[in-house]
Amino acid sequence: MRSVLILALIAQMSVASLLRAEESRGVNEQQMARVLRQAFPSAPPEWRSRLVPDATMATCVLWDNQPPKDVADAIKKREASRIRHPADGNFMGDWRRGEVLAQSGYGLRFTDNDIKRPNGGNCYACHELSPDEVSFGTLGVSLKGYGRTHKFDPQYARVVYEKIYNSQAVVTCSTMPRFGANGILSIDQIKDLVALLMDPDSPVNKSANAAPHGEAENKASPRGADAKKP
Amino acid sequence: MTRHLRPAMRSALLAGLLVAVAFAGLSAPRAAEPDAIDRGLEAFRAMLKADAWSNPAMLDADRGQAIWYERRGPRKISLEPCDLGKGPGKVDGAFAGLPRYFQDAGRVMDLETRLLWCMEKIQGIDPRSMIEKLHPAANEPVKDLGAVATWIASRSHGLVFAGPVSHPREKATLRLGKALFHRRMGPFDFSCASCHASADKRIRRQGLAELVNPEEARRTVGEWPAYRVSAAHVMTLQHRLYDCFWQMRLPELQFGSEASVALIAYLVHQAEGGTIAAPGLKR
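Residues numbered from 1 in each chain as written. Chains lettered and ligands numbered in written order. Predicted model: local features only at pLDDT ≥ 70, side-chain atom pairs only at ≥ 80, totals over all residues. Heavy atoms only, no water.

Per the secondary structure count, chain B includes 11 helices and seven strands. Out of the 283 residues belonging to chain B, those deemed buried represent 58%. Surface exposure of chain B reaches about 11700 Å², of which carbon and sulfur atoms provide 54%. (Helix = DSSP H or I, 4+ residues; strand = E, 2+ residues; numbered from the N terminus. Buried < 20%, exposed > 50% of the residue type's maximum accessible area, 1.4 Å probe, protein only. Areas by Shrake-Rupley, 256 points an atom, 1.4 Å probe, with all protein chains shown as cover.)

What follows is the structure in structure tokens.
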């Protein structure tokens, strides 16, 4: 009951929390909107929405990415309801295509004009995955040996799919983009990435030095990497 | 700072560094020898300490100085009447007092925005003719405005950041900058804090400055404008922000916009008390 109430509250907050988020920093949203319009005069009309945080992001900003549990749970519930699953119930695609997607940072930048080229996931920007790739970022946890860590459990493929589709449904205010929910990657692309993580033949799990990192390291922190207070 | 050019030594070291970078393949997906870059940069930094003129950015500073004194624009007049906050023509130490509110313009400005304003108001140059191409492409030298900014910043080398925060507009700008820094927007849900609020994090191989941490801000912000080895040119702070917005999947940031000035004001405020080491050197 309580969570239903909070869910209703959150829906209402989509505008309200946005206003409050900026006001809490002494800037009102109207001023912010004006400043952003002026900052990006060449923005195509269909990009305007990019300048406005949705209800979840506005709430994260309001709470400095550390919402109280009630609010976090309500956000998770709402974000989970936005997840679309594969029609055939199969969560694993092809890890080879997944590796290409994990490498590619292409897409949605103002210089990315080749509409035939698919968006990438750019996972290596933040995660260690295949041990053969030494150029990886550390904003996210290491995913080396991820499938092995999770005993190649077919049930877990669904968990990974949902995480990639909508990371906010799993860890509120995470730094990780909502790849499916925000329309960056398609259902099939996300399946390929699940395979990259969960397929026993994927280099993430297969390479000689793909021994999983310590359990502790593979546990997602309860908060996003940018949760730290300024 | 003594003007002490040692071109042979400088180009030898630069060549070595470039080779290291090339081998590490900054643009290639695999960086086989990332440590070579770091070692090269360290050697280069040590050399900069001993001889600031070994930074290729000083060539741009030289060019910037010449541009400042040159009669330019429709009015064929130099930039000398430009008031950077310490009075017309006063260059030494001016950068350390920016950003600040300028009565004549009715707004807060950082160094680059002020230069653009002076070029318009004093020399009669149409800012729209410059604004679209104010940032150099890779391997292209920094544009004239950036060169002047590099020179002016270098004339505050060793001073401490002390931009004023007393005028109500300066306070409002700072609040705006902080709010912008934390606002999560765009299809990737990024804010500046997504990449710059934790210690010792990397995106791919690139180390990320923890800009919310004053100590780190003091260490990094004072190095701008900086010579960027991977792009082989001087990059200014306005240009850096333009690139970060690009990574955030947001639109093209307008040079000198209120948002860009506010973010710079926030960064400089974070770095308050830090020593200016411009022009610096970045990977």
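The full count for this structure, using the stated rule, is 11 aromatic pairs over all chains. Seen from their ring centres, Phe40 of chain A and Phe245 of chain B are 5.4 Å apart, and the 80° between their planes marks the pair as edge-to-face. A residue pair is termed interchain when its members come from two chains, as with Phe40 of chain A in the loop between helix H2 (29-39) and helix H3 (55-62) and Phe245 of chain B in helix H10 (residues 237-247). The pair formed by Phe40 of chain A and Phe245 of chain B is uniform in burial state, with each residue classed as buried. Grouping aromatic residues by their ring pairs yields a cluster made of Phe91, Tyr161 and Tyr165 of chain A. Above the ring of Phe102 of chain B, the side-chain terminus of Arg100 of chain B is found at 5.4 Å from the ring centroid. (Phe/Tyr/Trp six-rings, centres within 6.5 Å; stacked < 30°, edge-to-face > 60°. Lys NZ or Arg CZ within 6 Å of the ring centre and 35° of its normal.)

Turning to the interface of chain B and chain A, a few remarks are in order. Every contact between the two is made by 45 residues of chain B and, on the other side, 56 residues of chain A. When chain B packs against chain A, close to 4700 Å² is buried across both sides, 57% of that on carbon and sulfur atoms. Our enumeration of links across chain B and chain A arrives at four salt bridges. Where Glu29 of chain A meets Arg183 of chain B, a salt bridge forms, and the shortest distance between an N and an O atom there is 2.9 Å. Remark: the boundary between chain B and chain A carries 23 residue pairs in polar contact (both at pLDDT 80 or more). Where the side of chain B that touches chain A is concerned, the elements lending two or more residues are helix H7 (168-182), helix H8 (192-196), strand S3 (201-203), H10 and helix H11 (258-270) of chain B. Residues that form the side of chain B that touches chain A fall into these classes: 23 nonpolar, seven polar and 15 charged. (Contact = heavy atoms within 4.5 Å. Buried area = accessible area lost by both parts, 1.4 Å probe. Salt bridge = Lys/Arg side-chain N within 4 Å of Asp/Glu carboxyl O. Polar contact = N/O pair within 3.5 Å; in protein donor to acceptor, adjacent residues only side chain to side chain. Nonpolar A, V, L, I, M, F, W, Y, C, P; charged D, E, K, R; others polar.)

Time to look at the confidence of the model for chain A. Of all residues in chain A, 79% attain a pLDDT of 70 or more, and the chain-wide mean is 86. For residues 214-230 of chain A, every residue scores under 50 in pLDDT, and the model assigns this stretch 42 contacts once sequence neighbours within four places are set aside. (pLDDT = per-residue confidence, 0-100.)

Let's shift gears to helix H7 (residues 154-165) of chain A. Helical geometry note: an α-helix holds 3.6 residues per turn, so side chains three or four residues apart project in the same direction. Look at H7 of chain A: 17 Å from first C-alpha to last across 12 residues, which is about the 16 Å you get at 1.5 Å a residue. The inward-facing, buried residues of H7 of chain A contact helix H6 (146-149) and helix H8 (187-198) of chain A. (Expected span 1.5 Å × (residues − 1).)

Attention shifts here to the pattern of salt bridges. Under the counting rule described, the total for this entry stands at 27 salt bridges over all chains. One salt bridge in this structure joins Asp88 of chain A and Lys191 of chain A, with 3.9 Å as the shortest N-O distance. Taken together, the residues span a long stretch of sequence, with Asp88 of chain A in the loop between helix H4 (69-80) and helix H5 (95-103) and Lys191 of chain A in helix H8 at a distance of 103 residues. Ionic pairing is found between Glu70 of chain B and Arg72 of chain B, a salt bridge with its closest N-O pair at 3.6 Å. Shared partners join several salt bridges into a network, and the residues in it are Asp54, Glu79, Arg82 and Arg178 of chain A together with Asp189 of chain B.

Formed by 117 residues in total, the largest nonpolar core has its most connected members in Ile164 and Leu197 of chain A together with Trp68, Leu115, Ile152, Phe181 and Val221 of chain B. Apart from the residues lying within four places of it in its own chain, the contact partners of Leu115 of chain B are Trp68, Leu84, Leu145, Val148, Ala149 and Ile152 of chain B. Within the second largest apolar cluster, six residues are counted, among which are Ala125 and Leu139 of chain A together with Cys195 and Leu208 of chain B. (Core = buried A, V, L, I, M, F, W, Y, C linked by side-chain atoms within 4.5 Å.)

The next point concerns helix H4 (residues 111-121) of chain B. For H4 of chain B, a buried count of nine out of 11 residues is recorded, marking the element as mostly surrounded by other parts of the structure. Those residues of H4 of chain B that sit buried are Leu111, Glu112, Thr113, Arg114, Leu115, Leu116, Trp117, Cys118 and Met119 of chain B.

Here we take up the packing of H4 of chain B against helix H6 (residues 144-154) of chain B. All names here are of chain B. In contact at an axis separation of 10 Å, H4 and H6 are set at 120° when each is read in the N-to-C sense. The orientation of H4 with respect to H6, classified from their angle, is oblique. Judged by the twist between their axes, the crossing of H4 over H6 is right-handed. Of the residues in H6, those touching H4 at Leu111, Glu112, Leu115, Leu116 and Met119 are Leu145, Val148, Ala149, Ile152 and Ala153. By residue class, the composition of the contact of H4 with H6 is nine nonpolar, no polar and one charged. (Axes fitted to C-alpha atoms, helices over the stretch in contact; angles between N-to-C directions. Parallel < 35°, antiparallel > 145°, perpendicular 65-115°, else oblique. Left-handed = near helix turned anticlockwise from the far one by under 90°.)

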